[in-house]
Amino acid sequence: MPQESYVLIFGYIIGFYMAWNIGANDVANSMAPVVGAKAVTIRQAVFIAVILNVLGAVFIGSHVTNTIRKGIVSTDILTDPHQVLIGALSAMLAASLWVNFATWKSLPVSTTHSIVGAMTGFGIIAGGFSIINWTKLAAVVISWIISPIFSLVVSYLLFKIILKLILSKENAFVRSLKLSPFFIGTTVFIVVLSFLFKTPLGKNLCIKASDALIIAFIVAIFFGFAGMNLLKRFVKESNFDGAEEIFRFIQIGTACYVALAQGANDVANAIGPLAVIYSLVKTGSVGATVPVPVFLMLFGGIGIACGISMAGHRVMETMGKKITTLSNTRGFSVNFATATTVLLASKMGLPVSTTHAAVGGVMGIGLARGIEAVNFGVIFKIMLYWVLTVPASAVISMVLFKLLQVLL
Amino acid sequence: MRVPIFEMFMTSPFEGLQEHAEKVKECAWAFQQAMECHFSPKCKTFEEFRQEIIQIESQADVIKRRIRGHIPKETMMPISNFLVFRYLREQDGVIDAVEDTLDWISYRSTKKTPQELKKDFALLVDSVIDPIEVLSTMVAQAREYFKTYSEDQRVVVKDIIRKLRRQEHEADRFEDIIKKKVFNMDTDAVSIFHLIRLAETIGFIADHAQNAGDMMRAMLSR
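Residues numbered from 1 in each chain as written. Chains lettered and ligands numbered in written order. Predicted model: local features only at pLDDT ≥ 70, side-chain atom pairs only at ≥ 80, totals over all residues. Heavy atoms only, no water.

(A) The overall build of chain B, seen in detail. In terms of helices and strands, chain B carries 7 helices and 1 strand. Written out in order from the N terminus, the α and β elements of chain B read α-α-α-β-α-α-α-α. Based on the C-alpha atoms only, the size of chain B along its principal axes is roughly 70 × 35 × 25 Å. Within the span of chain B, comprising 222 residues, buried residues form 56% of the whole. Long-range contacts, defined as pairs at least 24 residues apart, comprise 83% of the intrachain contacts of chain B with a sequence gap of at least 6. For chain B, the accessible area works out to roughly 10000 Å², and carbon and sulfur atoms hold 53% of it. Charge centroids of chain B, computed over 33 positive and 37 negative side chains, lie 2 Å from each other. (Helix = DSSP H or I, 4+ residues; strand = E, 2+ residues; numbered from the N terminus. Buried < 20%, exposed > 50% of the residue type's maximum accessible area, 1.4 Å probe, protein only. Contact = heavy atoms within 4.5 Å. Areas by Shrake-Rupley, 256 points an atom, 1.4 Å probe, with all protein chains shown as cover. Lys, Arg positive; Asp, Glu negative; His and termini not counted. Charge placed at Lys NZ, Arg CZ, Asp CG, Glu CD.)

Okay, here's the thing in C-alpha cells:
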C-alpha cells in the first residue's frame, strides 16, 4: 500500500475522532438549555441531535471547504502539496490531541478554535510569521469577548421583556398566547436568516440580503400566526405553567435549528482537513478550496452521531439532573440569544463558537435574576481555556509537523 | 467531559433553604408534644421528644453547612449572598431556640411548671408553633415569586411576613404576662430565674421567625 493511503487511513481515524468529540461535547453544550428546561426528554434530545446533525451535515453542509480554515494562513503555503498533506494531518492530529486532553481534564475548549490554532501553528512552522493573517487571528480573539457579551445582552433583554409582558402579569397564559406570534415570528425570522446566510445550502441560493430579509419576514409572519393557532389547540389553559408550556414548543423549534446548523457547520471542523488529505491523495494537488464528497460529510455526520449517542447521552443525562432551575422561558431566551449571536457574528465574519454564545446567554439570564444560582466564576476558567486553546494547539501542531516531516 | 454550561449551573441555595425550612417545620410537632408532656404530671416521654429535636437540629445543621459551603463568591443569584446567609442564620435560630427551650427545661426536669402558669405557657407555646410551621410555606412562595416576579405573588409572601410579625407581637404579649406573674409569685429565686428564662427562650422562637421574615422582606425589595 502506498504511503499516501496510510496517511489517508490515519486521517479518517483522526477525522472520525474529531467528529466524535463534537458530538460528545459541543452538541451536549448546545442542547443543554432544551434538556435543562425539560422541553424534551434526554432520549428525544439525542434522537433530534443525531438525526438533524446527520441531515445537516449531508444535505446542508458545505460540499466545498477552504483548504486553510478561516483564512488564518495565506494560501501561498499551498504551493508544496507534500507540505500541505503533512500540515493538514498534523493540524488535525494536534487539534484532536488538544481536544482529547481537554476532555480528559474537563477543560472547556472550542473545537473550532483548536483547528484555527493548529492551522496557525502549521502556517508559522511552514512559512514563518509573515504568512499568518494577523487580522483574521485578531478576529478570533475578538470573538472570545464579543460573542458571549452580545449573547448576554440579547438574553438579558429578551428575558426582561418576557418577564415584564408575560410572567409578571396575572393572566400570563392568555398574554403569552396573544404574544406568541411575536416570539415565534422573531425566532423563525432569525432561523430563516441563519439558514440563508450561514448554511452553505442557503449561501448557494445566492439570495440578496434585502430579499433574504423580506423572505424571512413573510415566513416569520406566516409561522407566527400558524403557530399561535396550533398552540391554542394543543396547550391546556393554566396560568404560569401554560405560559411556560407555550415557550416549551417554541424552544423545541430553536433546538432543532441549533442541531441542524451544528451538523451543517461543525462537521467541516472535523472533515475539512480530511477533505484536504483526501483531495491530495486522489489528485496529487490542492487549491484554495477542495471539494468535500458526500460520503465524507456522511462520515463526519455519523462520527458526530456516534459521539452524541455514546458520550453526549451521558452528559445530557447529568445535565438534566443538574440544571433544575431552568424553565422554558429562560431556556428559550438562551437559545434565541445563541442563535442570534451566531448569525450576526458569522455575518460579520467572526469565527464564533456556539458554546461561547450559549455561555453568554446563560449569564444574561443570571444577571436578569432569572436563575436561582449561576456560577459566574466558571466564566474566568472558560475564558482562560478559550485563550489557551489557540497557542496550545498551535505549539502541538508545530511539534507534530516537524515530527511528521521526518517520518513522511 | 468539558461542558461549560453544565458547570455554570449550581445547586440552588433556595433548594437548601427549603429543605432547612422543612426541618424547622418538622420540629414543630415534637416541640409541642414535648411541652405538653412537660406540663402534664404523668407524661414521661419528654426526654424522647427532646432527643428527637436534637436529631432534627443536627440534620438542619448539616443542611446549613452545605448551603454555606456551596455558594462561591462569584455566584449570581436573584438576591445577594449576604441576605441568603442572614436569612439562613435566622431560620436556623428558630430551631436552635426550640432546642434551647427543651434543654433549659431538662436542666430542672424534676421541677414542674406551677399550675397557675400552665395556661399562660400553653398559650405562649401555641403562639410560636405557627411561625415555626409557616417558614417553609414562606420559602416556597418566595421561590414562586422569583420565577415570575409577579406583583400578586409578592403580595402573598408579604402577607406571610406580616402574619409572622403579628404572631411575634402576640408571643411577646404572652411572654410579658408570664414574666409579670412570675415576678409576683411567692417562690424561690432559682425557680423565678428558670421560669423567666424559659418564657424568654420560647419567645426567641417567634423572634427568630420574625427576623427571618424581615430578611425575606429585604430579599423581595426591588
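(B) Up close: the nonpolar core. If you look at the biggest cluster of nonpolar residues, it comprises 134 residues, and the most contacted ones within it are Phe31(B), Tyr87(B), Phe121(B), Ile132(B), Met138(B) and Met216(B). Leave out the neighbours within four places in its chain, and Phe31(B) touches Ile53(B), Val98(B), Thr101(B), Leu102(B), Val125(B), Val128(B), Ile129(B), Ile132(B) and Ile205(B). Grouped together as the second largest cluster of nonpolar side chains are 56 residues, Ala45(A), Ile115(A), Ala259(A) and Ile308(A) included. (Core = buried A, V, L, I, M, F, W, Y, C linked by side-chain atoms within 4.5 Å.)

(C) Molecular detail of the packing of aromatic side chains. Here the structure, examined in full by the defined rule, presents 21 aromatic pairs over all chains. On the numbers, 5.3 Å between centres and 70 degrees between planes, the contact of Tyr12(A) with Phe299(A) is edge-to-face. A residue pair is termed long-range when its members are at least 10 positions apart, and Tyr12(A) in helix 1 (residues 3-36) and Phe299(A) in helix 10 (residues 294-322) qualify at 287 residues. Residue Phe299(A) is classed as partly exposed on the basis of its relative accessible area, which comes to 23%. Taken together, a centroid distance of 5.1 Å and an interplanar angle of 75 degrees make the contact between Phe182(A) and Phe183(A) edge-to-face. Every member of this aromatic cluster is reached through a ring pair, and the members are Phe182(A), Phe183(A), Phe247(A), Phe332(A) and Phe336(A). Note that Arg173(B) overlies the ring of Phe174(B), its terminal NZ or CZ placed 5.1 Å from the centroid. In this structure, Arg197(B) is placed above the aromatic ring of Trp104(B), and the distance from its NZ or CZ to the ring centre is 4.6 Å. (Phe/Tyr/Trp six-rings, centres within 6.5 Å; stacked < 30°, edge-to-face > 60°. Lys NZ or Arg CZ within 6 Å of the ring centre and 35° of its normal.)

(D) Highlighting the packing of helix 1 of chain A against helix 2 (residues 42-60) of chain A. All names here are of chain A. At a minimum axis separation of 11 Å, helix 1 and helix 2 run at an interaxial angle of 135 degrees. Between helix 1 and helix 2, the angle falls in the class oblique. Taken as a pair, helix 1 and helix 2 cross one another with a handedness that is right-handed. Along the contact surface, helix 1 presents Val 27, Met 31 and Val 35, while helix 2 presents Ile 42, Ala 45, Ile 48, Ala 49 and Asn 53. (Axes fitted to C-alpha atoms, helices over the stretch in contact; angles between N-to-C directions. Parallel < 35°, antiparallel > 145°, perpendicular 65-115°, else oblique. Left-handed = near helix turned anticlockwise from the far one by under 90°.)

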